[in-house]
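# Reading the structure
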Amino acid sequence: MINNTSLPAYAVVQSLAGRDKDHLYVVVGKLANPYVWIADGRKYKVGKPKKKNCRHLCVLRDSPVPQRMSDEWIRSVLNRAKVELTREVTHV
């Protein structure tokens with residue numbers, strides 16, 4: 001089980017449960033255990049992130065710490081993660 005202390009900030013995560021299942025997000029903040037704030041730069045922006053239980057997230061990879069957190073940076077990180085995921089699937 002993942003708790004929010006072991007979930008790194010700015011990590012790319014995949015939702016495992018809920019109506020947003022299989023969507024990719026970036027962790028933008030931490031709340032009281034076991035919740036974190038996640039954003040995708042489109043529907044859930046940095047100014048209004050989504051609260052999500054860590055048990056419903058799977059960490060895919062860490063991302064570098066940004067100089068300035070923005071929706072554009074989140075979208076670029078998620079696009080790179082999607083490309084890597086599709087590359088892994090097609091080469092298997």
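Preceding this section is the structure that the text describes.
This structure is a prediction, so every number in the text was calculated from the model and none was measured.

It is worth spelling out the overall build of the protein chain at this point. Regarding its fold elements, the protein chain presents one helix and five strands. The buried share of the protein chain, reckoned over its 92 residues, is 35%. Considering only contacts in the protein chain between residues 6 or more positions apart, those separated by 24 or more positions represent 52%. As displayed, the protein chain has an accessible area near 5900 Å², and 51% of this comes from carbon and sulfur atoms.

Next up on the list: the sheet that holds strand β1 (residues 12-15). Reading across from one edge, β4-β3-β2-β1-β5 is the order of the five strands in this open sheet, with antiparallel pairing throughout. At either margin of the open sheet sits one strand with a lone partner, and together these are β4 (50-53) and β5 (57-61). Ignoring which end each strand starts from, the neighbouring axes of this sheet average 50° apart.

All right, on to the pattern of salt bridges then. Taken as a whole and judged by the stated rule, the model has two salt bridges. Residue Lys-52 pairs with Asp-20 through a salt bridge whose shortest N-O separation is 2.9 Å. Here Lys-52 is found in strand β4, whereas its partner Asp-20 is found in the loop between β1 and β2 (24-30), with 32 residues between them in sequence. We note that Lys-52, like Asp-20, is buried. Between Arg-61 and Glu-84 there is a salt bridge; the shortest N-O distance is 3.3 Å. Taken together, the residues span a long stretch of sequence, with Arg-61 in strand β5 and Glu-84 in helix α1 (residues 71-90) at a distance of 23 residues.

Moving on to the pairing of strand β3 (residues 35-39). Sheet analysis places β2 next to β3, joined by four bridges and oriented antiparallel. Within the sheet, the bridge partner assigned to Gly-29 lies in β3 and is Trp-37. As consecutive antiparallel partners, β2 and β3 are separated by four residues. Of the strand pairs in this sheet, β3 and β4 are connected by four bridges, and their pairing is antiparallel. Residue pairing across strands places Val-36 opposite Lys-52, the latter belonging to β4.

Across the two faces of β1 the burial is the same, with Val-12 and Gln-14 and Val-13 and Ser-15 all buried. For β1 and β2, the ladder comprises three bridges, and the chain directions are antiparallel. Note on β2: the bridge partner recorded for Gln-14 is Leu-24. Bridge count between β1 and β5: four bridges; the pairing is antiparallel. Considered in β5, the bridge of Gln-14 is made with Cys-58.

Conventions adopted
Residues numbered from 1 in each chain as written. Predicted model: local features only at pLDDT ≥ 70, side-chain atom pairs only at ≥ 80, totals over all residues. Heavy atoms only, no water. Helix = DSSP H or I, 4+ residues; strand = E, 2+ residues; numbered from the N terminus. Buried < 20%, exposed > 50% of the residue type's maximum accessible area, 1.4 Å probe, protein only. Contact = heavy atoms within 4.5 Å. Areas by Shrake-Rupley, 256 points an atom, 1.4 Å probe, with all protein chains shown as cover. Pairing = 2+ DSSP bridges. Axes fitted to C-alpha atoms, helices over the stretch in contact; angles between N-to-C directions. Salt bridge = Lys/Arg side-chain N within 4 Å of Asp/Glu carboxyl O.

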